[in-house]
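# Chain and residue survey
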Amino acid sequence: MCNPIGQAKLLNAAGTDLNVIVCLCVGHDTLFIKYSEAPVTVLAAKDRVLAHNPLGAVYAGHYFHKKLSHHHL
């Protein structure tokens, strides 16, 4: 279950110096940032375009490169 407030509180208790958000939904990332005592940066956010798998584009780069290459022919 996604619990961004609980995640922030857990990291606060651990005393982290920097929190990096990876694949939280928009809205949940806002809650995490609000409750985090350490600075926060976002590496990747979920989106609907990639079926909530934003890093799929990174892992499947060869697929998109091939698809885009055919598009230009």
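Residues numbered from 1 in each chain as written. Predicted model: local features only at pLDDT ≥ 70, side-chain atom pairs only at ≥ 80, totals over all residues. Heavy atoms only, no water.

Helix and strand content of the protein: 4 helices and 2 strands. Sequence-ordered secondary structure for the protein, helices as α and strands as β, is α-β-α-β-α-α. Burial statistics for the protein: of 73 residues in total, 18% are counted as buried. In the protein, of all internal contacts separated by at least 6 residues, the share reaching a separation of at least 24 is 24%. Carbon and sulfur atoms make up 62% of the accessible area of the protein, which totals about 5,600 Å². (Helix = DSSP H or I, 4+ residues; strand = E, 2+ residues; numbered from the N terminus. Buried < 20%, exposed > 50% of the residue type's maximum accessible area, 1.4 Å probe, protein only. Contact = heavy atoms within 4.5 Å. Areas by Shrake-Rupley, 256 points an atom, 1.4 Å probe, with all protein chains shown as cover.)

Now for the side chain of Asp29. One can find Asp29 in helix H2 (residues 28-35). Among the polar contacts listed, one links the side chain of Asp29 to the backbone nitrogen of Gly27, at a separation of 3.0 Å. At 3.3 Å, the side chain of Asp29 forms a polar contact with the side chain of Thr30. In this structure Asp29 touches Ile21 and Leu24, once residues within four positions along its chain are discounted. (Polar contact = N/O pair within 3.5 Å; in protein donor to acceptor, adjacent residues only side chain to side chain.)

Taken as a whole, helix H1 (residues 4-14) has its buried residues at Pro4, Ala8 and Asn12. Within H1, the buried residues cover an arc of 80 degrees as seen down the axis, which keeps them to one side. The exposed set on the far side of H1, more than 90 degrees from its buried face, consists of Lys9, Leu10, Ala13 and Ala14. In this structure, the buried side of H1 is in contact with H2. Phi turns positive one or two residues past the end of H1, at Gly15, with a value near 75 degrees. (Arc of directions from axis to C-beta.)

Bringing a nonpolar patch on the surface into the picture now. Taken together, the side chains of Leu18, Val20, Val22 and Leu43 define a hydrophobic patch exposed on the protein surface, amounting to about 370 Å² of accessible area. Residue position: Val22 is located in strand S1 (residues 19-24). (Patch = residues over 30% accessible without salt bridge, like charges linked within 9 Å, V, L, I, M, F, W, Y side chains within 5 Å. Salt bridge = Lys/Arg side-chain N within 4 Å of Asp/Glu carboxyl O.)

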